[in-house]
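Residue-level structural notes
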Amino acid sequence: MEQSLEQTTEILLCLSPAEAAGLKEGINFVRNKSTGKDYILYKKQSHLRACKNMCKHQGGLFIKDIEDLDGRSVRCTKHNWKLDVSTMKYINPPGSFCQDELVVEKDKENGLLLLELNPPNPWDSDPRSPEDLAFGEVQVTYLTHACMDLKLGDKRVVFDPWLIGPAFARGWWLLHEPPSDWLERLCQVDLIYISHMHSDHLSYPTLKKLAERRSNIPIYVGNTERPVFWNLNRSGVQLTNIHVVPFGIWQQVDRNLRFMILMDGVHPEMDTCIIVEYKGHKILNTVDCTRPNGGRLPMKVDLMMSDFAGGASGFPMTFSGGKFTEEWKAQFIKTERKKLLNYKARLVKDLQPRIYCPFAGYFVESHPSDKYIKETNIKNDPDELNNLIKKNSDVVTWTPRPGATLDLGRMLKDPTDSKGIIEPPEGTKIYKDSWDFGPYLKILNAAVGDEIFLHASWIKEYFTWAGFKDYNLVVRMIETDEDFNPFPGGYDYLVDFLDLSFPKERPSREHPYEEIRSRVDVIRHVVKNGLLWDDLYIGFQTRLQRDPDIYHHLFWNHFQIKLPLTPPNWKSFLTCYEQSRAEISQG
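Residues numbered from 1 in each chain as written. Predicted model: local features only at pLDDT ≥ 70, side-chain atom pairs only at ≥ 80, totals over all residues. Heavy atoms only, no water.

What to know about the UniProt feature "domain: Rieske" (unreviewed entry) in the chain
Under the local residue numbering, the UniProt record ascribes the feature "domain: Rieske" (unreviewed entry) to residues 15-113. Spanning residues 15-113, this segment combines 5% helix with 47% strand, and its end C-alpha atoms are found 6 Å apart. (UniProt positions renumbered as here; feature names shortened; annotations may be inferred. Helix = DSSP H or I, 4+ residues; strand = E, 2+ residues; numbered from the N terminus.)

So, in structure tokens, the structure goes:
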């Protein structure tokens, strides 16, 4: 097969922080002064969409459409074609084209970058016509959460195996009971795809069990800026056959089977999705991507699966003060979940897959201390999404249960075939009703009494290692018990990130302020091991207040994604401490 070029991104336009802040609501016409190229940005609150200012018909320039009262459309100066930039669809002539979108990213200074993926549709390289599938030739079995077991001819592929233990420290636990033979299934597969580093997809407890039986199993990940397996050596899991592959290139498994990993347009540094193709039949798994491949995806695939649930964030349930009343949070969640449902339904309608499956949202905050989160962090119902899809399109939908198997050949031939989807046997346990908290909490609790935390200077050591500074933000960090009350003997301190100092009182200058209360077992485990703060934030292990009510993207992005790849050198820290004590006593 002819070797394709790796998919890359090209920066087309940079906007300074002032220029980005100056974008108005609605349509903005912008020019790159160095290249003379023109672009259109559409702003709706915090959401941005962008495209080249070039009509798809014959390359004409767009201008403001004076007939548009809603401020969403532009008109081509050549033949009066009209583009709705809020949807990137042409409205004159109707039903004709969609405009190619650009990826919009924030830079480190809160400016904006407009990026173009090249090639934009890499799956079109070396196209293959679909062949007839025999019944049973392609089978997709749901295990749990985002984990699917695909039988593709005589090959087996598994996505994102999280089958035991928690995710995000101790905040997430499996909603569904995995099939009892899950470990045997994993040991027999030909390859595993892991989409990204979040622990509900990269589950070290699951992989540890697998590695004990088959350490050389082939595992494939995308070439993300932060490596998916950045913490493998510290995990204690012995895996010896990990493949990091470039984006947008077909990876040939055998004559009939290949796959391609694509980057996310919003979080290209960590998120990926995958297209699997067998005998010309495509299976698209967008996993958790916010804008997979910058919003450009193959249409009319045979099977599409994506997340649907929402609730995968500490916002707003872990926030208090100001507007964050229980009533406000409940209404916000209700509104956001509805928006997500409508977005997913619209995406499925636009892409027109033959079959759609909502997955990657089946988790529960089951630890008793997280009862408040469990009761208030309401998630979307997959059946509600599927009913919405069926109301607006002819797409066949599938709400999976653990152990259920979809036969793609049968479903493509006749979606009403009773053997198209085989449900788990009568009496199969679907939902978990108990979780083995003990071993995992023991690991977290072990950090509480670590020698590091006998010395207050660990605070300076840790935040110096973290490397975030020159930013006007003061954070108060408070170690707490299970109920977020101050932990007896715990640390309560300020960090001024403008000069990375640790003052006793808040500075007199004007400054944004955040207060972060963190359960002591989790924050100390994170600090000791140099882990990302997703365990704290996404895992619901913090309670936050902020003044003013502003999301500090650079701060959170750094501690959730940008921390150093190697942990703090605590051995050296302790050695230096002992040496300095010895010198003082001798003096």
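Considerations on the pattern of salt bridges
The final tally for this structure, using the stated rule, is 44 salt bridges. In this structure, the salt-bridge partner of Asp 100 is Arg 296, at a minimum N-O distance of 2.4 Å. Taken together, the positions of Asp 100 in the loop between strand S9 (94-98) and strand S10 (101-106) and Arg 296 in the loop between strand S22 (281-285) and strand S23 (303-306) put the pair 196 residues apart, joining distant regions of the chain. Among the salt bridges present, the one from Lys 528 reaches Asp 450, with a minimum N-O distance of 3.1 Å. Residue Lys 528 is found in helix H11 (residues 520-529), and its partner Asp 450 is found in the loop between helix H9 (438-445) and helix H10 (458-466); the two are separated by 78 residues along the sequence. Among the residues examined, Lys 528 registers a relative accessible area of 26% and is labelled partly exposed. Among the ionic contacts, a cluster of salt bridges with common partners joins Asp 126, Arg 128, Arg 258, Glu 277 and Lys 282. (Salt bridge = Lys/Arg side-chain N within 4 Å of Asp/Glu carboxyl O. Buried < 20%, exposed > 50% of the residue type's maximum accessible area, 1.4 Å probe, protein only.)

Some remarks on the layout of surface pockets
There is about 1,000 Å³ of room inside the second largest pocket. Forming the boundary of the second largest pocket are 30 residues, of which Tyr 204, Pro 205, Ser 235, His 525 and Leu 531 lie nearest the centre. Of all the secondary-structure elements, those providing two or more residues to the lining of the second largest pocket are helix H3 (204-213), helix H4 (232-235), H9, H11 and helix H12 (534-537). Considered class by class, the residues forming the lining of the second largest pocket number 18 nonpolar, seven polar and five charged. (1 Å grid on protein atoms, 1.4 Å probe; cavity = no way out; pocket = protein on both sides within 12 Å on 5 of 7 lines; lining within 4 Å. Points joined across faces, edges and corners; volume = space filled by probe spheres on them. Nonpolar A, V, L, I, M, F, W, Y, C, P; charged D, E, K, R; others polar.)

Examining the sheet that holds strand S6 (residues 73-76)
The strand order across the open sheet formed by five strands is S5-S6-S7-S8-S9, and the pairing between neighbours is antiparallel. Both outer strands of the open sheet, strand S5 (62-64) and S9, are each paired with one neighbouring strand and no more. Neighbour to neighbour, the strand axes of the sheet diverge by 40° on average, direction disregarded. Across three bridges, S5 lies against S6 in antiparallel orientation. Looking at S6, one finds that Ile 63 is bridged to Arg 75. (Pairing = 2+ DSSP bridges. Axes fitted to C-alpha atoms, helices over the stretch in contact; angles between N-to-C directions.)

Details of the pairing of strand S31 (residues 513-519)
Taking burial as the measure, the seven residues of S31 include six buried ones, the bulk of the element. Relative to S31, strand S29 (residues 474-480) is paired through seven bridges, and the arrangement is parallel. Counted as the bridge partner of Val 475 is Glu 514 from S31. Sheet analysis places S31 next to strand S32 (residues 542-547), joined by six bridges and oriented antiparallel. From the neighbouring strand, Tyr 513 faces S32, where its bridge partner is Asp 547.

Thoughts on empty space enclosed by the protein
Applying the stated criterion across every chain, the model contains one cavity of 30 Å³ or more. A volume near 30 Å³ is recorded for the largest cavity. Forming the boundary of the largest cavity are Trp 458, Met 477, Ile 478, Glu 479, Tyr 493, Ser 518 and Ile 523. Considering every element that reaches the lining of the largest cavity, the biggest residue donor is S29, with three residues. Residues belonging to the lining of the largest cavity are distributed by class as follows: five nonpolar, one polar and one charged.

Concerning the packing of aromatic side chains
Across all of its chains, the model carries 42 aromatic pairs by this definition. Residues Phe 315 and Phe 324 carry aromatic rings whose centres are separated by 5.7 Å and whose planes lie at 90° to one another, so their mutual orientation is edge-to-face. Judged by its relative accessible area of 24%, Phe 315 falls in the partly exposed class. Centre to centre, the rings of Tyr 537 and Trp 556 are 5.0 Å apart; their planes meet at 35°, and the pair counts as tilted. Of the two residues, Tyr 537 sits in helix H12 while Trp 556 sits in helix H13 (residues 553-562), which places them 19 residues apart along the sequence. Neither residue differs from the other here; Tyr 537 and Trp 556 are each classed as buried. The ring of Trp 230 is capped by Arg 226, whose NZ or CZ atom sits 4.2 Å from the centre of that ring. Its end group placed over the ring of Trp 250, Arg 258 keeps NZ or CZ at 4.0 Å from the ring centre. (Phe/Tyr/Trp six-rings, centres within 6.5 Å; stacked < 30°, edge-to-face > 60°. Lys NZ or Arg CZ within 6 Å of the ring centre and 35° of its normal.)

Some thoughts on the sheet that holds strand S11 (residues 112-118)
The antiparallel open sheet is built from six strands, whose spatial order is S1-S11-S10-S4-S3-S2. Strand pairing shows two members of the sheet lacking a second neighbour, strand S1 (8-15) and strand S2 (26-31), which therefore form its edges. If you compare each strand with its neighbour and ignore which way they point, the axes differ by 30° on average. The sheet contact formed by strand S4 (residues 47-52) and S10 spans two bridges and is antiparallel. Pairing of Ala 50 across the sheet is with Leu 102, part of S10.

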